[in-house]
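# Residue-level structural notes
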Number of protein chains: 2
Amino acid sequence: MPSLELVSKNRCFRGEVHKYTHFSTSTQCKMTFNIFLPDTALSQKEKAPVLYFLSGLTCTEDNMITKAGALPYLSEEGIALVTPDTSPRGVDIGGEDSDWELGASASFYVDATQEPWKANYNMYSYVQNELQQLINATFFVDSSRVSIFGHSMGGHGALVLSVRNPGHYKSVSAFAPICHPTHSNWGRKQFTAYLGEDVKEWAKYDATELVKLYEGPTLPILIDQGDADRFYSSKQLLTSHFVVAVEANDCPIKLESNMRPGYDHSYWFVQTFIKDHVAFHAKHLRSE
Amino acid sequence: MPSLELVSKNRCFRGEVHKYTHFSTSTQCKMTFNIFLPDTALSQKEKAPVLYFLSGLTCTEDNMITKAGALPYLSEEGIALVTPDTSPRGVDIGGEDSDWELGASASFYVDATQEPWKANYNMYSYVQNELQQLINATFFVDSSRVSIFGHSMGGHGALVLSVRNPGHYKSVSAFAPICHPTHSNWGRKQFTAYLGEDVKEWAKYDATELVKLYEGPTLPILIDQGDADRFYSSKQLLTSHFVVAVEANDCPIKLESNMRPGYDHSYWFVQTFIKDHVAFHAKHLRSE
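The structure displayed is predicted, hence computed values, not measured ones. (Residues numbered from 1 in each chain as written. Chains lettered and ligands numbered in written order. Predicted model: local features only at pLDDT ≥ 70, side-chain atom pairs only at ≥ 80, totals over all residues. Heavy atoms only, no water.)

Turning next to the sheet that holds strand β7 (residues 172-175) of chain B. Backbone-to-backbone hydrogen bonds join strands into a sheet, with any given pair of strands oriented parallel or antiparallel. Residue and element names in this part refer to chain B. Reading across from one edge, β1-β2-β3-β5-β4-β6-β7-β8-β9 is the order of the nine strands in this open sheet, with mixed pairing throughout. Of all the strands in the sheet, the pair left with one neighbour each is β1 (5-11) and β9 (253-260). Taken pair by pair, the neighbouring strands of this sheet meet at an average axis angle of 20 degrees, ignoring direction. Sheet topology places strand β6 (residues 141-151) next to β7; four bridges connect them, and they run parallel. Bridge pairing links F149 to S173 in β7. In the packing of helix α5 (residues 153-164) onto the sheet, contacts are made with β4 (48-54), β6, β7 and β8 (219-226), and the angle to β6 comes to roughly 140 degrees. (Pairing = 2+ DSSP bridges. Helix = DSSP H or I, 4+ residues; strand = E, 2+ residues; numbered from the N terminus. Axes fitted to C-alpha atoms, helices over the stretch in contact; angles between N-to-C directions. Contact = heavy atoms within 4.5 Å.)

What follows deals with the packing of aromatic side chains. Evaluation of the coordinates by the stated rule reveals 32 aromatic pairs over all chains. Ring geometry for A:F191 and A:W202: centres 6.1 Å apart, planes at 65 degrees, overall edge-to-face. You can see A:F191 sitting in helix α6 (residues 185-195) and its partner A:W202 sitting in helix α7 (residues 199-202), a full 11 residues away along the chain. Neither A:F191 nor A:W202 differs from the other in exposure class; each is buried. Measuring from centroid to centroid gives 6.3 Å for B:Y263 and B:F269, while their planes differ by 45 degrees, and the two rings are tilted. Take B:Y263 and B:F269: they sit in the same class, and that class is buried. Taken together, A:F53, A:F149, A:F175, A:Y263, A:F269 and A:F273 form an aromatic cluster joined through their ring pairs. Between the NZ or CZ atom of A:R164 and the centre of the ring of A:Y124, over which it lies, the distance is 4.2 Å. The ring of B:Y205 has B:R164 sitting right over it, with the charged end atom 4.9 Å from the ring centre. (Phe/Tyr/Trp six-rings, centres within 6.5 Å; stacked < 30°, edge-to-face > 60°. Buried < 20%, exposed > 50% of the residue type's maximum accessible area, 1.4 Å probe, protein only. Lys NZ or Arg CZ within 6 Å of the ring centre and 35° of its normal.)

Residue and element names in this part refer to chain A. Of all eight residues in strand β8 (residues 219-226), eight are buried; the element is thus mostly enclosed. The side-chain alternation of β8 yields two buried faces, one formed by L219, I221, I223 and Q225 and the other by P220, L222, D224 and G226. In this structure, strand β7 (residues 172-175) lies alongside β8, joined through four bridges in parallel fashion. By the bridge assignment, S173 is partnered in β8 with L222. Here eight bridges tie β8 to strand β9 (residues 253-260), and the two strands are oriented parallel to one another. Note that in β9 the partner of Q225 across the bridge is M259.

With that settled, the discussion passes to the relation of the copies chain A and chain B. Mapping chain A onto chain B calls for a rotation angle of 180 degrees and an axial translation of 0.0 Å; the resulting RMSD is 0.0 Å. The superposition of one copy onto the other is thereby described by a two-fold rotation axis. A symmetric contact is evident, with 100% of the interface residues of chain A recurring at the interface of chain B. (Least-squares fit on C-alpha atoms with pLDDT ≥ 70 in both.)

Let us now look at the layout of surface pockets. Roughly 840 Å³ of internal volume is contained in the largest pocket. Surrounding the largest pocket, 40 residues form its lining, A:P72, A:Y73, A:K275, B:P72 and B:Y73 being those nearest its centre. The element that contributes the greatest number of residues to the lining of the largest pocket is helix α11 (residues 267-286) of chain B, accounting for seven residues. (1 Å grid on protein atoms, 1.4 Å probe; cavity = no way out; pocket = protein on both sides within 12 Å on 5 of 7 lines; lining within 4 Å. Points joined across faces, edges and corners; volume = space filled by probe spheres on them.)

Residue and element names in this part refer to chain A. Relative to each other, helix α4 (residues 123-138) and helix α5 (residues 153-164) sit at 60 degrees, their axes nearing to 11 Å. By the angle class used here, α4 and α5 are oblique. You can see that α4 and α5 cross each other, and the crossing is right-handed. Between α4 and α5, the contacting residues are Y124, V127 and Q128 on the first element and V160, L161 and R164 on the second. (Parallel < 35°, antiparallel > 145°, perpendicular 65-115°, else oblique. Left-handed = near helix turned anticlockwise from the far one by under 90°.)

And the structure:
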């Protein structure tokens, strides 16, 4: 187990926000994450359920935890929140930082198979396996009560991780997720770079394609989408494709999808509905 | 009236966040502010009461509105929020950006009388007069229902503006305010630069000195301070001096001052108590 280095610790609501760095074997570089721990977990009174949040393009581990306004509700519910970074950093790949849609901050949460990315860009394994093992081994959390959510590229990540790992997550939710990346420029561009030209390989990381094959157990999904979101209108998100795929597959998925008039793609939108998302996860994390 | 230039507009909760720039006659440069307008004001159904928030050292107009988590409560209450920048910017004063405690982001909300600051560093007049006249003339707000709050240097600003203008604000509150700047390094350093060596001039911008002379009408004040705040322990804030001054003056001030165990000087602290502060102001803004 790699050792964690504490970067900062701040009291917030009835708990603490900690920032840590650690060397990741999945990404072969130093990774950073934040964790909110409720007092009940800090005092080892009660193992906290854990919510993972995956952020979108251009973001780091900080955007959601500082801007989404989730902590009052997580504190109230006694739920831990983990916000990983969105990609490896500083891994000496040429052009890593030159394109906001590829490389740093744009991992798309896949395990890359292509050069020059494959040694480091393994964020699927990092989030699904390494980070969660580290969290479970280090903090007073309940590894059997885990849910996941995300925004945009991170909404895509949350949907993919949950649908590919039946039973692992109690619930999944997303704000303006990229739903059908093999059919939008956000997806095709990155999958070509990270996964190569073979489109069959892309389907492993496409929520709409994956959900067609999902067989259970019941997975509750909540999606919120703003109708003033320019990435929605430019067909980068394709929410309707995911809804149609869920409806076509007579599978145990319970999907609630909301179109929100007037809201865009920003954290102004995310914060507006964060209380609903925390309540949704709390209900499923606390159910027997 | 100077013309406003709209920079951005985002729907958030039941309202919108707008960012504007305008040329200020007080500071002789372009200034930027954010305003949250509840739907009731946007639709001209009801003139919104207005809360002004003054930020601290190193901050801009964005820190509080993006990080403090105030909007759910302001939306619920139908109250507008205005977050001005913390200083003039780009006014071509040598060293303006080189010291985080002086110049850009460090106006201390005074009207400077000394070179090279006096042509631009007039944030007292900007916030108290120019900005409020602009807001009242432009938006569907109730100019008779105005309150103010702030953080650190901005808490100092909020206290000074409210005590110097009896009856103008319905209420004032502060997170970890600089309370006695003529007696702390945060204060002496800036007042020397902006106001000169004459300590009598400094008292005009010192909440503890001003409150000794306050005569009414009743001013409700709420202060929250974290006891793990390193600027509190290094005696930059001197909350107790302000409390003693209020108690010594048998004046119509109603002060509630809370010491919060474990909290520091950051926005993690501010967001923890923001709901209380909005509720405090809402009560006074809505009272007859």
